[in-house]
Amino acid sequence: MRKPLMAGNWKMHFNHLEAIHLVQKLAFTFTDEDYTSLDIAVLPPFTSIRSVETLIHGDGLKLQFGSQDISAFDSGAFTGEVSGVMLSKLGCHYAIVGHSERRAYHHETNEVVNKKAKAALSHGITPIVCVGEPLEIRESGSHVQFTLNQVEKSLEGLSSEEVAKIVLAYEPVWAIGTGKVATAEDAEEVASAIRKWISNKYSTKIGEQTRILYGGSVKASNIAGIMAGANVDGALIGGASLDPDEFVAICRFRLH
Ligand code: PGA
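Now for a look at the structure at hand.

### Things to note about the overall build of the protein
- Across its full length, the protein holds 13 helices and eight strands.
- Here the protein has a C-alpha radius of gyration of 17 Å; the compact-globule value for 256 residues is 18 Å, and the two agree.
- Projected onto its principal axes, the C-alpha positions of the protein cover 50 × 45 × 35 Å.
- In the protein, buried positions account for 53% of the 256 residues.

### Some points on the site of the ligand
- Around the ligand sit 13 residues, and of these Lys11, His99, Glu171, Gly177 and Ser217 come closest.
- Contacts to the ligand include Gly177, whose backbone N or O atom sits 2.6 Å from an oxygen atom.
- In the model, an oxygen atom of the ligand is placed 2.7 Å from a nitrogen or oxygen of the Ser217 main chain.
- Its free accessible area being 280 Å², the ligand has 95% of it covered by the protein chains.

### Quick notes on the pattern of salt bridges
- As enumerated under the stated definition, the model contains 14 salt bridges in all.
- Asp39 serves as the salt-bridge partner of Lys3, at 3.3 Å between the closest nitrogen and oxygen. Here Lys3, found in the segment before β1 (5-9), pairs with Asp39, found in strand β2 (residues 39-43); they are 36 residues apart in sequence, far enough to count as distant.
- A residue is classified by how much of its surface remains accessible, and Asp39, at 13% relative accessible area, is buried.
- Its salt-bridge partner being Arg211, residue Asp39 comes within 2.9 Å of it at the nearest N-O pair. With Asp39 in strand β2 and Arg211 in strand β7 (residues 211-215), this residue pair connects regions lying 172 residues apart in the sequence. As far as the burial class goes, Asp39 and Arg211 line up, both buried.
- It is possible to trace a salt-bridge network through shared partners that takes in Asp69, Arg102, Glu108 and Lys116.

### Examining the side chain of Glu171
- Among the secondary structure elements, Glu171 is positioned in the loop between β6 (167-170) and α10 (184-201).
- Despite being buried, Glu171 has no salt bridge partner; Lys11 is the closest side chain of opposite charge, sitting 6.6 Å away.
- Setting aside residues up to four positions removed in sequence, Glu171 forms contacts with His99, Cys130, Val131, Gly132, Glu133, Ile176, Gly215, Gly216 and Leu236.

### Overview of the sheet that holds β1
- As summarised here, the arrangement of the eight strands in space is β1-β2-β3-β4-β5-β6-β7-β8, forming a closed barrel in which the pairing is parallel. Going from strand to strand, the sheet's axes swing by 25° on average, the running direction of each strand aside.
- Alignment of β1 against strand β8 (residues 234-237), held across four bridges, turns out to be parallel. If you follow Gly8 over to β8, its bridge partner there is Ile237.
- Of the strands in this sheet, β4 (94-97) and β5 (126-131) touch helix α6 (residues 110-122), which is tilted by about 160° from β5.
- Across the sheet, helix α8 (residues 143-154) touches β5 and β6, and the angle it forms with β5 is around 150°.

### What to know about the pairing of β8
- Both faces of β8 are covered, namely the face carrying Gly234 and Leu236 and the face carrying Ala235 and Ile237.
- When β7 meets β8, the two strands line up parallel, connected through two bridges. Its bridge partner lying in β8, Tyr214 is registered against Ala235.

### Concerning the side chain of Arg138
- By secondary structure assignment, the location of Arg138 is in helix α7 (residues 135-140).
- The exposure class of Arg138 is buried, given its relative accessible area of 16%.
- Among the polar contacts listed, one links the side chain of Arg138 to the side chain of Asp186, at a separation of 3.4 Å.
- Setting aside chain neighbours within four positions, we find Arg138 in contact with Glu133, His143, Tyr170, Trp174, Asp186, Glu189 and Val190.

About the cut-offs
Residues numbered from 1 in each chain as written. Predicted model: local features only at pLDDT ≥ 70, side-chain atom pairs only at ≥ 80, totals over all residues. Heavy atoms only, no water. Helix = DSSP H or I, 4+ residues; strand = E, 2+ residues; numbered from the N terminus. Rg over C-alpha atoms; globule rule 2.2 N^0.38 Å. Buried < 20%, exposed > 50% of the residue type's maximum accessible area, 1.4 Å probe, protein only. Near = heavy atom within 4 Å. Polar contact = N/O pair within 3.5 Å; in protein donor to acceptor, adjacent residues only side chain to side chain. Areas by Shrake-Rupley, 256 points an atom, 1.4 Å probe, with all protein chains shown as cover. Salt bridge = Lys/Arg side-chain N within 4 Å of Asp/Glu carboxyl O. Lys, Arg positive; Asp, Glu negative; His and termini not counted. Contact = heavy atoms within 4.5 Å. Pairing = 2+ DSSP bridges. Axes fitted to C-alpha atoms, helices over the stretch in contact; angles between N-to-C directions.

Honestly, that's just the spatial picture; any functional story needs more than this.
See the structure below:
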């Protein structure tokens, strides 16, 4: 009953013309059958969202789109920030919040991530809340506890209905952009622990509704194994989402 989501996190790649080109290629390839079995989204840099939106809405494409970040505030003296008011006006379905690169390079704490998740929800945007442990935590064996703590703090104060609407992405930091993919068992271990935590804290029903993605070096060659995990509902795909053939092949994981 949880529809899988494949979301391409383009990070800081492509200008708006290149973005249009990539979306056109995806639009040409994906069929209604693809969109029936899963939600497919692209998450371009802010400068490309308007171009992507024009194409998607103009051509009535079923491709979804969103941003890679969102301000915790609606408006004001926050130079460089982009608010949920602006993103929802553009029709964004999703906003990534708390990506490990933002936690690391922009010092985003769980408290900031929590505020951003609330800002997204207040404008009808689904936050894709990223959590996941660095290498030293994985090596110490406390990765499940570490990640659940991030989940708890990032979701603080959200209602059950809101938690059912959000997307969580488990992205072990050591697997992002490194080519070191977590095993399918690693992904399932944490995804199932997160679902259990949500079920205990909110209800079994909410636990069953919340989508949990895996992210970190996902490719066409490893996605089928990852998706075999009962609690993994899709993927947040970085590098491999920049190549349309690879991204399409990931989305068609059932055919592998
Ligand atoms: P990657 O990035 O697929 O390039 O490892 C994933 C992410 O950071 O969302």
